[in-house]
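Architecture and fold: a report
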Amino acid sequence: MLTESEVSRSWLKLFKNGNVSAESFERADLLLEELRSTSPLRHRLQSELEELRKLHADKLEGVEA
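Within each chain, residues carry numbers counting from 1 in the order of the written sequence. With the structure being a predicted model, the display of local features is reserved for residues of pLDDT at least 70 and the display and counting of side-chain atom pairs for 80 or more, all residues being used for whole-chain, interface and lining totals. Where side-chain values are given, they derive from all heavy atoms of the structure, hydrogens and water being excluded.

**Description of the environment of Asn 19**
- Structurally, the position occupied by Asn 19 is in the loop between α1 (4-15) and α2 (22-33).
- Any residue under 20% of the maximum accessible area for its type is buried, any over 50% is exposed, and the rest in between are partly exposed; the area is computed with a 1.4 Å probe on protein chains only. On the basis of relative accessible area, Asn 19 is assigned to the exposed category, the value being 56%.
- Here a residue-residue contact requires only that any non-hydrogen atoms of the pair lie within 4.5 Å. The residues contacting Asn 19, other than those within four sequence positions of it, are Ser 24 and Lys 59. The secondary structure listing takes helices from DSSP runs of H or I that are at least 4 residues long and strands from runs of E that are at least 2 residues long, numbered from the N terminus.

**Concerning the packing of α1 against α2**
- Packing of α1 against α2 leaves a shortest axis separation of 10 Å and a crossing angle of 170°. Classified by the angle between their axes, α1 and α2 sit roughly antiparallel to one another. Contact residues: Val 7, Ser 10, Trp 11, Leu 14 and Phe 15 in α1; Ser 24, Arg 27, Ala 28, Leu 31 and Leu 32 in α2.
- Tallied by class, the residues present in the contact of α1 with α2 amount to seven nonpolar, two polar and one charged. All axes are obtained by fitting lines to C-alpha atoms, using only the stretch in contact for helices, and the reported angles, taken between N-to-C directions, cover 0 to 180 degrees. Here the word oblique covers every angle except those under 35 degrees (roughly parallel), over 145 (roughly antiparallel) and from 65 to 115 (roughly perpendicular). When residues are grouped by polarity, Ala, Val, Leu, Ile, Met, Phe, Trp, Tyr, Cys and Pro land in nonpolar, Asp, Glu, Lys and Arg in charged, and all others, Gly among them, in polar.

**Brief notes about the side chain of Arg 42**
- One can find Arg 42 in helix α3 (residues 40-55).
- When charges are counted, Lys and Arg contribute as positive and Asp and Glu as negative, whereas His and the chain ends are disregarded. Each salt bridge in this description consists of a side-chain nitrogen of Lys or Arg and a carboxyl oxygen of Asp or Glu lying within 4 Å of one another. Although Arg 42 is buried, it forms no salt bridge, and the closest oppositely charged side chain is Glu 33 at an N-O distance of 6.7 Å.
- For Arg 42, the side chain forms a polar contact with the main-chain oxygen of Leu 35, separated by 2.7 Å.
- Those residues in contact with Arg 42 that sit more than four places away from it in its chain are Leu 32, Glu 33, Leu 35, Arg 36 and Ser 37. Contacts described as polar in this section are N or O atom pairs within 3.5 Å, which, within protein, must combine one atom able to donate a hydrogen with one able to accept it, while residues neighboring in sequence count only if both atoms come from side chains.

What follows is the structure, given as structure tokens:
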């Protein structure tokens, strides 16, 4: 299990360059699973991930199709 600090660093690396792919979202989901279900960081990152999915929905639909 990763610490919150490790998850936070990995999260920033995952999304910092703006090149978001389906793999990025899969890796983000795995990072979230590393956090306790009661973790405030987990809830914040889940909200961020939902927003990112909405923003990049068009791009991801084209890849998945």
